[in-house]
There are 2 protein chains.
Amino acid sequence: MNKRPPAFLSRWKCTCAYDGTHFNGFQSQEGGNTVQDLVERQLAKTFGAKIRIHGSGRTDSGVHARAQVFHFDAAWKHGADKLRVALQTGLPKSIRLTTLRKASPKFHARFDAKGKVYRYHIYLGMADPFTTAWCWSVPRELDWKAVEAAAKVLRGLHDFWAFSGENDRTYETTVRDLRRLDIRRRGRNVTFTFEADGFLYKMVRSLTGALVNVGLGKLTAAEITELLKTRKRIPAVQTAPPQGLFLEKVIY
Amino acid sequence: MNKRPPAFLSRWKCTCAYDGTHFNGFQSQEGGNTVQDLVERQLAKTFGAKIRIHGSGRTDSGVHARAQVFHFDAAWKHGADKLRVALQTGLPKSIRLTTLRKASPKFHARFDAKGKVYRYHIYLGMADPFTTAWCWSVPRELDWKAVEAAAKVLRGLHDFWAFSGENDRTYETTVRDLRRLDIRRRGRNVTFTFEADGFLYKMVRSLTGALVNVGLGKLTAAEITELLKTRKRIPAVQTAPPQGLFLEKVIY
């Protein structure tokens with residue numbers, strides 16, 4: 001993947017935001033209707049040739065991004081902003097190309113990523129019609145002391161196998177460094193912020209579901225310590241729904 | 001309309017919020033798909049009979065509400081909150097019944113309204129995918145001194161004929177008391193707040209379009225003074241798009 005492209009091509013690094021509500025995730029897959037499909041369709045229109053984009057990683061169906069990053073190679077002579085505008089023109093409002101610039105020919109959106117930041121938004125109660133698409137409505141108050149104790153257990157370097165999706169465990173390792181797990185509360189709005197060197201499939205939603213269940217008294221910090229050791233997923237590690245999840249930043 | 005209902009009926013006052021994006025407005029009309037249609041469908045399911053609701057007024061296709069008010073008459077024995085939940089159950093997430101309570105049998109959502117508050121949200125630039133459905137993206141900076149001067153002219157008791165929709169001027173009078181027109185700016189987010197004893201058809205969107213055109217140098221405060229006198233609508237009184245408009249409050 002890191003082979004240097006021919007001289008007349010440049011490597012472009014693009015940051016984009018998307019409302020994932022109506023997409024089957026970021027990455028192309030059978031069934032289509034992904035962010036990648038729409039961006040590549042517009043690249044084909046602009047350049048008259050198929051150009052592949054390479055994302056920093058996938059996001060699941062219904063998950064949003066404030067700053068997903070992808071790269072592609074293309075020969076363009078008219079400046080970065082004109083290219084950004086040309087590509088944006090054919091995209092729906094749910095996808096916004098926020099920045100586009102030339103990168104080193106060696107830059108790779110996925111392999112160069114040093115870490116990622118995700119946020120998960122929870123509303124304690126029933127969210128109004130204007131925020132319901134961006135959060136998980138949890139109808140009961142949580143035990144915040146218990147949630148904090150569980151968060152403390154989860155922070156750091158662990159084997160997160162018990163907090164990954166069931167259908168896709170093809171990783172070389174399931175050890176990740178959860179460098180940050182912040183809990184912020186403002187009134188009924190709760191935000192969990194996760195930063196790690198990398199995330200497993202459905203890891204943030206599994207961690208969120210587990211933390212909420214700790215807050216509801218269905219799971220304890222001690223049990224979470226056990227899960228990190230035993231690597232066995234249990235039903236109380238619930239997968240939180242996708243609409244509350246945002247990919248906030250890819251760190252290079 | 002103010003005829004007292006039979007003794008076994010109660011009059012109910014309901015406050016609701018809705019995301020108007022995919023509705024043909026609040027009030028029933030040919031073509032269906034209105035907020036009223038959905039609420040009445042759920043009332044019919046709950047009571048087994050057609051029950052009409054009476055809104056404080058209509059909102060246009062694509063316009064939102066944080067607190068629209070309607071009333072209806074129904075015989076219900078199980079408490080207000082149980083009725084609210086029964087009605088909410090059959091409604092999409094885009095409609096939220098926030099409060100429901102018994103009102104005086106003489107209460108009328110439309111005739112008893114003493115005023116209304118609307119807010120119009122503008123984003124200076126291109127809004128991100130998460131706010132684009134709730135604002136008007138205006139690509140250029142505005143001349144705020146000129147906008148403030150125009151707002152000063154508009155505040156108070158005037159004949160707003162020149163700021164109402166073209167197809168529906170069947171009012172007894174087009175004089176309204178614009179008691180409040182506030183402009184608040186935070187970074188690129190601008191909010192106009194309008195309060196009046198009542199509003200003409202498309203009045204808030206026409207005032208907003210005119211104010212923005214003043215900010216863009218296409219209209220002046222002096223011309224607005226003229227429009228209030230001459231009662232002639234001109235193209236610079238543009239109708240702002242619906243998605244930025246919220247009915248915030250009905251005052252009783």
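Along each chain, residues carry numbers from 1 onward, in the same order as the chain's sequence is written. Each chain is given a letter, starting from A, and each ligand a number, starting from 1, according to the order in which they appear as written. With the structure being a predicted model, the display of local features is reserved for residues of pLDDT at least 70 and the display and counting of side-chain atom pairs for 80 or more, all residues being used for whole-chain, interface and lining totals. Only hydrogens and water are set aside; all other atoms, that is, all heavy atoms of the structure, feed into the side-chain values.

1. Quick look at the relation of the copies chain A and chain B
Phase 1: Superposing chain A onto chain B takes a rotation of 180 degrees plus a shift of 0.0 Å along the axis, which leaves an RMSD of 0.0 Å. The transformation just described matches what one would write down for a two-fold rotation axis.
Phase 2: By definition, residues are in contact when any of their heavy atoms lie within 4.5 Å. In this assembly the copies share their binding face: 100% of the residues contributing to the interface of chain A also contribute to that of chain B. We superpose the copies by least squares over the C-alpha atoms of residues that have a pLDDT of at least 70 in both of them.

2. As for the interface of chain A and chain B
Phase 1: Taken residue by residue, the interface counts 19 residues in chain A and 19 residues in chain B.
Phase 2: Summed over both partners, the accessible area lost on bringing two parts together, with a 1.4 Å probe, is the buried area. Both sides of the chain A and chain B interface together cover about 1500 Å² of buried area, and 66% of this is carbon and sulfur.
Phase 3: What makes a salt bridge here is a side-chain nitrogen of Lys or Arg within 4 Å of a carboxyl oxygen of Asp or Glu, nothing more. The interface formed by chain A and chain B holds zero salt bridges in total.
Phase 4: Counting of polar contacts relies on pairs of N or O atoms within 3.5 Å, with two restrictions inside protein: one atom must be capable of donating a hydrogen and the other of accepting it, and residues adjacent in sequence are counted only when both atoms are side-chain atoms. At the junction of chain A and chain B, the tally comes to two residue pairs in polar contact (both at pLDDT 80 or more).

3. Notes on the packing of helix 3 (residues 144-154) of chain A against helix 5 (residues 221-230) of chain A
To describe two helices that pack against each other, one gives the angle between their axes and the distance between the axes.
Residue and element names in this part refer to chain A.
Phase 1: For the pair helix 3 and helix 5, the least separation of the axes is 9 Å and the interaxial angle reads 20 degrees. By the criterion of interaxial angle, the relationship of helix 3 to helix 5 is roughly parallel. When the axes of helix 3 and helix 5 are compared, the crossing they make is right-handed. Contacts between helix 3 and helix 5 involve A149, A150, V153 and L154 on the former and, on the latter, A221, I224, T225 and L228.
Phase 2: Of the residues in the contact of helix 3 with helix 5, the class split is seven nonpolar, one polar and no charged. Between the N-to-C directions of two axes lies an angle of 0 to 180 degrees, each axis being a line fitted to C-alpha atoms and, for a helix, fitted only over the stretch in contact. Secondary structure elements are taken from DSSP: a helix is a run of H or I of four residues or more, a strand is a run of E of two residues or more, and numbering for both begins at the N terminus. By definition in this entry, angles of less than 35 degrees are roughly parallel, angles greater than 145 are roughly antiparallel, angles of 65 to 115 are roughly perpendicular, and the rest are oblique. By convention the crossing between two helices is left-handed if the near helix lies anticlockwise of the far one by an angle smaller than a right angle, and right-handed if it lies clockwise. Classification convention: Asp, Glu, Lys, Arg as charged; Ala, Val, Leu, Ile, Met, Phe, Trp, Tyr, Cys, Pro as nonpolar; all other residues, Gly among them, as polar.

4. Quick word on the confidence of the model for chain A
Phase 1: Each residue gets a pLDDT score, which is the predictor's confidence in that residue and runs from 0 to 100. For chain A, the average pLDDT comes to 94, and 95% of its residues sit at 70 or higher.
Phase 2: The ipTM, which scores confidence in the relative placement of chains, is 0.81 for this predicted complex, and the corresponding pTM is 0.86.

5. Here's the deal with helix 5 (residues 221-230) of chain B
Residue and element names in this part refer to chain B.
Phase 1: Throughout this description, buried means an accessible area under 20% of the type-specific maximum (1.4 Å probe, protein chains only), exposed means over 50%, and partly exposed covers the range between. Three or more residues of helix 5 are buried, namely A221, I224, L227 and L228. For helix 5, the angular spread of buried residues about the axis comes to 105 degrees, placing them on one side. Looking at helix 5, the residues exposed on the side facing more than 90 degrees away from the buried face are A222 and K229.
Phase 2: Along its buried surface, helix 5 packs onto helix 3 (144-154), strand 7 (156-159) and helix 4 (203-215). Think of the arc as the fan of directions from the helix axis to the C-beta atoms.

6. Details of the environment of L87(A)
Residues and elements named next belong to chain A.
Phase 1: Mapped onto the elements of the fold, L87 is located in helix 2 (residues 80-89).
Phase 2: Judged by its relative accessible area of 3%, L87 falls in the buried class.
Phase 3: On a C-alpha basis, the gap between L87 and L38 in space is 10.0 Å, while along the polypeptide they are 49 residues apart.
Phase 4: The contacts of L87, once residues within four sequence positions are left out, are Q42, L43, T46, F72 and L97.

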